[in-house]
Amino acid sequence: FKTFGQRVAQVVYQAGIPELPSAVEATTITRDLILKPAEVQPLSPASKVRVSKIDRINLAVPFMVQAPHANWGQPYQDGCEEASVAMVQAFYTDQIFSTPDAADAELKKIFQWENKTFGYNKDTNAAETAEIMSRYYNQPQVLVRYDITADDIRAELRAGRPVIVPAYGKALKNPYFSNGGPVYHMLVIKGFIGDDNFITNDPGT
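Report on the accompanying structure. (Residues numbered from 1 in each chain as written. Predicted model: local features only at pLDDT ≥ 70, side-chain atom pairs only at ≥ 80, totals over all residues. Heavy atoms only, no water.)

1. Some thoughts on the overall build of the protein chain
Working step 1: Tallying secondary structure elements over the protein chain gives six helices and six strands in all.
Working step 2: Its helices and strands in sequence order give the protein chain the pattern α-α-β-β-β-α-α-α-α-β-β-β, from N to C terminus.
Working step 3: For the protein chain, the proportion of contacts with a sequence separation of at least 24, taken over those separated by at least 6, is 63%.
Working step 4: For the protein chain, the exposed area adds up to about 11900 Å²; of that, 53% sits on carbon and sulfur atoms. (Helix = DSSP H or I, 4+ residues; strand = E, 2+ residues; numbered from the N terminus. Contact = heavy atoms within 4.5 Å. Areas by Shrake-Rupley, 256 points an atom, 1.4 Å probe, with all protein chains shown as cover.)

Below, the structure written as structure tokens:
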């Protein structure tokens, strides 16, 4: 149960969230949001990244909490990477995890694969998380990038691609976190509104 202070923080946090754009399905992006040459412009003279004039987008990435049955013991305590990958896979395959049991079963399969492949499942880094996507889910077009900017993330989202990011959890403004949040965390960025707000699916919520 949330304390009174947590409930107040949640209300204040939600009051500051701008109205979200309508969610866009992966199939819609493939069909309707293919960028035409006239709709793109160079990000900078030295950059090969090209961005469209779209100033807001909200990809319909299904949400999954990393502890589907609210059991925050291990391995669920550190299951943010697995939940993030499962959400992105569900987006591309037009699936949802309709019950906590279904979500839990999916996470357990990923944990088992990690243990067999890596020898562990806790705190996988960006490259290892990408391997889950490419090898476990057989998604060959997975790119790991470092030293990225907010503009790089927005460019991927404009192209209809969700972005999985590792983060210093204690710097995230998530009112649901207890004890200030985790030191290492991973979540899905699924959209943005202008230059100031990203839309996320945070599995630690």
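2. Observations concerning the packing of aromatic side chains
Working step 1: For the coordinates displayed, the defined rule picks out six aromatic pairs.
Working step 2: Considering the side-chain rings of Phe91 and Tyr92, the 5.2 Å spacing of their centres and the 65° angle between planes classify their relative orientation as edge-to-face.
Working step 3: Given a relative accessible area of 3%, Phe91 falls into the buried group.
Working step 4: A centroid spacing of 5.6 Å and a plane angle of 85° characterise the contact between Trp113 and Phe118, whose relative ring orientation is edge-to-face.
Working step 5: Taking relative accessible area as the criterion, Trp113 reaches 17% and is therefore assigned buried.
Working step 6: Taken together through their ring pairs, the aromatic side chains of Trp113, Phe118, Tyr120, Tyr136 and Tyr137 make up a single cluster. (Phe/Tyr/Trp six-rings, centres within 6.5 Å; stacked < 30°, edge-to-face > 60°. Buried < 20%, exposed > 50% of the residue type's maximum accessible area, 1.4 Å probe, protein only.)

3. A few points about the packing of helix α3 (residues 80-93) against helix α4 (residues 100-117)
Working step 1: Two numbers describe how α3 lies on α4: the axes approach to 10 Å, and their chain directions differ by 115°. By crossing handedness, the relation of α3 to α4 is classed as right-handed. Where α3 approaches α4, its residues Glu82, Ala83 and Ala86 are matched on the opposing element by Glu106, Leu107, Ile110, Phe111 and Glu114.
Working step 2: Considering only residue class, the contact of α3 with α4 consists of five nonpolar, no polar and three charged. (Axes fitted to C-alpha atoms, helices over the stretch in contact; angles between N-to-C directions. Left-handed = near helix turned anticlockwise from the far one by under 90°. Nonpolar A, V, L, I, M, F, W, Y, C, P; charged D, E, K, R; others polar.)

4. Considering the pattern of salt bridges
Working step 1: Counted under the stated rule, the structure contains eight salt bridges.
Working step 2: Residue Lys108 is joined to Asp104 by a salt bridge in which the shortest nitrogen-to-oxygen separation is 3.1 Å. Here Asp104 and Lys108 lie together in helix α4, a separation of four residues that amounts to about one turn.
Working step 3: Residue classification places Asp104 among the buried positions, given a relative accessible area of 9%.
Working step 4: A salt bridge links Asp195 to Arg154, with the nearest nitrogen and oxygen atoms 4.0 Å apart. (Salt bridge = Lys/Arg side-chain N within 4 Å of Asp/Glu carboxyl O.)

5. Thoughts on helix α5 (residues 126-136)
Working step 1: Every buried residue of α5 is accounted for by Glu128, Thr129, Ala130, Ile132 and Met133.
Working step 2: Residues of α5 that are buried make contact with α3, α4 and β5 (184-193).
Working step 3: Among the residues of α5, the N-terminal cap falls to Asn125, whose side-chain oxygen and the backbone nitrogen of Ala127 are separated by 3.1 Å.
Working step 4: At the exit of α5 stands Asn138, carrying a positive phi of roughly 55°. (Polar contact = N/O pair within 3.5 Å; in protein donor to acceptor, adjacent residues only side chain to side chain.)

6. Focus: the environment of Asn125
Working step 1: Secondary-structure assignment places Asn125 in the loop between α4 and α5.
Working step 2: Among the residues examined, Asn125 registers a relative accessible area of 37% and is labelled partly exposed.
Working step 3: Sequence separation of Asn125 and Met186 is 61 residues, and the distance between their C-alpha atoms is 9.3 Å.
Working step 4: In this view, Asn125 contacts Tyr184 and Met186; residues no more than four positions away in its chain are not counted.
Working step 5: Looking at Asn125, its side chain comes within polar contact range of the main-chain nitrogen of Ala127, at 3.1 Å.

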